[in-house]
Every structure is written in structure tokens, then in C-alpha cells.
Amino acid sequence: MTSQNPSLDEDVIRYARVLPLDIVQAKGNGHAGTAVSLTPSLYILFQEFLAHAPRDPGWLGRDRFVLSCGHTSLALYLQLWLSGYDISLDDLRQARTLDSITPGHPELHHTPGVEVTTGPLGQGVANAVGIAMEAARLRKILETDLFSPRVWCYASDGDLQEGISHEASALAGALGLENLVLVWDNNQISIDGDTSVTFTEDVPARYRAYGWEVFTIDDSEDLDEIRRTFFAATQVQQRPVFIQLRTRIGHPMPTVGGTAAAHAGAPGESEIAATKKILNLDPDQSFHMPEAVLTHARQVAQRGADLQRAWQAEVDEWTEASPEAAALLDRLIARNAAPALKALAQLREEPQEVATRMASNSALNAIASSLPEVWGGSADLSDSTGTKIADAASFLAPQAPPDAGRVGGPGEQVVHFGIREHAMAGVVNGMSLSGLTRPFGSTYFVFADYMRPAVRLAALMGLSATFIWTHDSIAVGEDGPTHQPLEHLWSYRAIRGLNVVRPADWVETMDAWRRLLTQDCGPTALVLSRQSVPVVAASIGYEAGASRGAYVLRDAGGAGVAERPSGAGTAERTNAADNPASAPVPDAIIIATGSEVSLALEAAEELATEGVGARVVSAPCLEWFEREPRSYQDQVLPPQVTAVVSVEAGTDQGWYRWVGRHGRTVAVEDYGASGAGGELLQRAGITVDAVVQAVLECL
């Protein structure tokens, strides 16, 4: 769409681009330079190319805009204000102040029109790739492109220096992602000065090598060149588009512009006045936008309403012609996972003594066969991490090489992320943003360290992303300490809003998956064992067991021992476990997670022979347990019991909150070694004898 009044467009840009200067000068801090120089191209994008509805920011048919260089949030807020979103000029002036809707970096769920939380450089590029991948998935399962947006992402020099952007861009090129446009603000300036000190590669050539279509806008002030290039980008099929946008940071600031000083901080009153004179604006006016100019810009809201109306007519036709697909969309919007729950319940009734990674694989296959919205893969480890979906096709490029050896195409269920753990996490975040699908990504737990920045952002945004991490302790064995996670459990439990789930057996694994499907509780990490584990929770009901985060598995008198019900005595024990308030107060409590739960049960049996009544609490997810009522927490862990011992094959940092000053921890104190997993656990002191001794010391 070309503007019907180009002179007014130029007026909007003139007045708008100095507002960031006024804002930052008044505050004394902030990032104005990039916002000033990006105003022309962003204005053309929001006015003429981006499908969006300022009066309905959540419109399902909208395009998505990702500002990967989140420090220039004013550039985005400015366009949202000009377009007529529920943002005022006063909101712009309040940028970076407490409780404003215009924080220093864009935040999801905080500002109308902001699609993703960005700021840590490179993350937005990976998010944009994930959004484009989900668009392809929705196109596949709904058999229409009505709900598959075009994704526009702006990135800085810094974004393209970060490794995550390399990983994600290579993946996008390999998959031939359509409807993804990455605009590189090539201003050659970073905080330390000219980027030629560290950033010298031919970036467009790199993107060509990735398989992207590449364009260049030589003059970021030439609105017609911007229009021509953006239009050309929308015509490209079967591959993503990379646009090099050459800018002068802070243009047209005469002195500060083009220098590192334009990146951040107040530019100075004299510099702003000189800039306004260059733009033929009154240097004595601040925060000024003529009403007629603003009215012209806000006509884009009507364009959005017209687009939305036409889109809805197409949706109505599609609904009538494709009722099954329309019903699927309704189920996706409702986050209804009912079709998979029966199969999951049946699996729960047939427990097996296998590694929890293999139990998870059984659950995942049962779920994915019923729920096409469950999709994802691994960082080249699907067999090892138990994330291979049997008989499902692979997400491949439209023209995949014939020797790829895989069946599939765009938008299929199985994603091959390649050995790119950091990008995988950022891409999964992008795949999760709409809430319509349920993506997952997996690797070995020790390599979760590569993913941490993106996992933290998933928690910050409250995304329903699932990270499957296997080979969860020194029991990994022969691969040695480089592959044996140690501090990782508590490292990830430290991320507020992330659920870290370490199930003890087949049953707890099924229960964890059921909770993920039935309760949107934010991002979740499933931490799973490499080695086989016995079945310990078979007699515990779903509502009384792992779904509550922690529960009584065996009580002091033997009540609740996990056996399959076979008579009145067993039923009595099960009831005691289901209702810890009815059980006597134990002498001691042993809290365990994952593969160490069976060890805790053995220790409790041995303690019983010495006259010590020990309750065993399985705690697969402390975050879920913390959300339970205090009354339930006190039933499971009676405050009057001070002899509390934790057992976990990792470090003990956070356990002192649960065991108290008089408690003990049975944990791992070194990095492990290369050898048999069982031998390593013995050497590390993860033994029945160690647990018994710890309980006796407490008493």
C-alpha cells in the first residue's frame, strides 16, 4: 500500500523522530539514537506493510513484529502511539519509569502491541524464527494460511554478533521458512564505538550462505526505496528474507549522530535544537505533534479495521467449508487437551521399570498422536532424549534434498533443531508465543547451560514452553564429568516462574505430562533419568500424587508404600498416603526426587527395623508444591518434625529451606568421573547407608 499523501508522511516522520530526543533529554537516560534513525523505515512498515489492528491488538490474523534490539524500545512505542494503540504521548514521556506501560525494554503482556519480551541481544531473532515456524505448523494442521502471520524482525549489529542469531538464522535458512523478514539496522556503531573493531564479516554474504534471499536499502531516508524493498520481500517464497538497512545512528543529529554517543544518554539541548532546525522544526517546541499530522498517521487504524473485516469474511467461508479444521482451531484456542487424556491414563495403569526418559517418550507419543499441536524435537538427540515421535513427518524445507533420508515438509510435527541448544530454546519460545500450539525442545541436562538465557525469558514471559532435559545426574556414567549435571537442578530452580519436574518413575512421569496438558502453569523443565528406575508410585492416585508437586509416598508405619492395590491392608496404606493429615506424626522425613526416591524407600524400610518411623516424601516439583495451600504443605512436611533429610544426586544448595537447621542433605559434592553410573553414585555417597546415617544423626 502506497501512501496517498506523501508530504504528510514526511511531516509525520519529521515530527516523530525528534520525540525520542525530547524524551531521553528530559529523563537524562535512555536510548534515542536508533529510534531516531529507524523512524522512516518503521513508519513505512507500520503504515503500509504490517497487517495489524491498533483497535484490536490481539487480532488472530495480524502479522507479528519483533524488535530484537529491545533497547530501542522507544522506536516501537513511537509507532504504536502513531498508529493509535492505547498508548498516550504522556506514556511515551514516562518511558523507563516505574509502573509505566513503556518500560526500558519491550515486555509481553505489558504494552499493547508488544508481541515478545526482548532486550538480551539475539533472542528476538530466534523468537522470530520460532513464530515463523509455528505459522507453518498452523498452516499445515489447519489447512489454511489465515492464521499464519508474516513475521517482521528488526535487529541491530549487536543482535547479529550474538551466537544465538547465527544458530537461529542457519536453522531458518535450512528450513526455507517463508514469511519471515529480518531487517538489519546496519549503523556500524555499538557502545564501545565503531563495530569495525570486532564485526568485520560480510553479513549479507553470510545470510546468502544460510539460504536467505538478501536485499539492501542503501538510503534509509529514501521512503520509495524502503517501499520497493519491503514489497519485494513480501513476494519471496520458500525462503526467509534478509534486508540490510544502512543507517546513520541518530540521523540527522549533526554532531552526535553517527557516533557511539548517539547510542544512549541525553544528547544535549543544543544538539536537539540543531537537529530540529535541520528538520525545519521549531527548536523551542518539545513533545510536539500537530493534530493534522497525527490524524494522518492514525488512519492506519482504519486500514487495520478494513483488513480485519476482510479477513473475518474469509474465516467465515473457511469455517463453513472446513468444519473439522475450524473445530480444531476452537480446541487450540481453548487449550483443550481432552483427546490425549484417555491414552495417558491408560499408560499410567500399565507402569514399566524403565528410565523416565523412556516413560516420557511413551507419554509423548500417545499425546502427539492425538494432539497435532504438540510438536518439537531435539538438538540432534531425539533417540537419546526420548523425544522421537514415531510415524510423524519431519519439518523440512519445501525443496528438501532427496538424500535427506526423511519424510516431511514445511510445518510437520518433528523439528530437527540441529546442534543449536541456545537457538532451540529461543525458537521454542517463539513457537509458544501465540498459545495455540504446545512446542518442546530437548537435550541432555548438562547442556541446558547453553539454553539458560532463553529459558529465563520463557519464565519472564510465562510461556507454556516445555524443555525436556535427560541424563539427569552423575548416573550418566561413562561419558564423564563433562556430561554429568551437578549444580543444574538448583541452578534452574532459581529461575522464578520455571517449573523443574524430576519424576521418580513411570507413573510420576505420566502425571507430570497430564498436568502440563491440563494446567497452563508457565514454562516447564522435565528432568529425566538415563538409567532405569523401579516403579514406586503405582498405588498413588493422580490427584494425590506428583501433580501436587510433593506428596507422602510412604508413611512412618509403612502406610502408603507404593504397591499395586491387592487387598484391604494395601488399601489402608494407600489411604494414609492420600491423606497425610490422618497419619501419625513421623519420627523423621526423607524428601527425595527422581531416581533417588526408590533409595529413600529402602532407607525407610531399614530405619523401621531400628524402630525409627520415617516418612518418605517424593517431591518431583517443588514449584508446584509451593503453590499448594500451606495446610497441605504442613500435612506433608509437619513443621514439628525437625529430623528431615533430603536425597538428590546433585548439589544441596536449596535443600536447606526444606530440611531446616537441624536437617541433613545427602548430595553430590564433586563433578563425577568416567565410570559406571552405579559405581559413581556409590562413590558420591548416594546410598541407602548414607540416608540412614543422616536420619540417625538428625535424631
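Summarised in this report is the structure supplied together with it. (Residues numbered from 1 in each chain as written. Predicted model: local features only at pLDDT ≥ 70, side-chain atom pairs only at ≥ 80, totals over all residues. Heavy atoms only, no water.)

Remarks on empty space enclosed by the protein
Here is step 1: If you walk through the whole model with that rule in mind, you get 7 cavities of 30 Å³ or more.
Here is step 2: For the largest cavity, the lining is made up of 16 residues, of which Arg335, Arg438, Ser464, Thr466 and Leu516 are closest to its centre.
Here is step 3: Those elements giving two or more residues to the lining of the largest cavity turn out to be strand S12 (438-444) and helix H21 (506-518).
Here is step 4: For the lining of the largest cavity, a count of residues per class yields 8 nonpolar, 5 polar and 3 charged.
Here is step 5: Looking at the second largest cavity, its volume works out to about 90 Å³.
Here is step 6: What lines the second largest cavity is a set of 13 residues, and nearest its centre among them are His52, Asp63, Tyr85, Gly113 and Glu115.
Here is step 7: For the lining of the second largest cavity, a count of residues per class yields 8 nonpolar, 2 polar and 3 charged. (1 Å grid on protein atoms, 1.4 Å probe; cavity = no way out; pocket = protein on both sides within 12 Å on 5 of 7 lines; lining within 4 Å. Points joined across faces, edges and corners; volume = space filled by probe spheres on them. Helix = DSSP H or I, 4+ residues; strand = E, 2+ residues; numbered from the N terminus. Nonpolar A, V, L, I, M, F, W, Y, C, P; charged D, E, K, R; others polar.)

Examining the pairing of strand S7 (residues 241-246)
Here is step 1: With 5 of its 6 residues buried, S7 lies for the most part within the structure.
Here is step 2: Sheet analysis places strand S3 (residues 180-186) next to S7, joined by 6 bridges and oriented parallel. In the sheet register, leucine 182 faces S7, and the bridge partner there is phenylalanine 242.
Here is step 3: Here 5 bridges tie strand S6 (residues 213-217) to S7, and the two strands are oriented parallel to one another. Paired with phenylalanine 215 across the bridge in S7 is isoleucine 243.
Here is step 4: In this fold, S6 hands off to helix H10 (residues 223-234), which returns the chain to S7; that crossover is right-handed. (Buried < 20%, exposed > 50% of the residue type's maximum accessible area, 1.4 Å probe, protein only. Pairing = 2+ DSSP bridges. Right-handed = clockwise from strand over helix to strand, strands pointing away.)

Quick notes on the environment of histidine 422
Here is step 1: Summarising the element assignment, histidine 422 is placed in helix H18 (residues 421-432).
Here is step 2: Judged by its relative accessible area of 18%, histidine 422 is buried.
Here is step 3: Taking the C-alpha atoms as reference points, histidine 422 and aspartate 449, separated by 27 residues in sequence, lie 8.6 Å from one another.
Here is step 4: The residues contacting histidine 422, other than those within four sequence positions of it, are Gln123, Ile164, Glu167, Tyr450, Met451, Pro453 and Ala454. (Contact = heavy atoms within 4.5 Å.)

Remarks on the layout of surface pockets
Here is step 1: Approximately 510 Å³ is the volume attributed to the largest pocket.
Here is step 2: Taken together, 22 residues make up the lining of the largest pocket; nearest its centre are Asp63, Asp145, Ser148, Arg150 and Asn179.
Here is step 3: With 5 residues, the top contributor of residues to the lining of the largest pocket is helix H13 (residues 300-321).
Here is step 4: Residues of the lining of the largest pocket, tallied by class, amount to 8 nonpolar, 6 polar and 8 charged.

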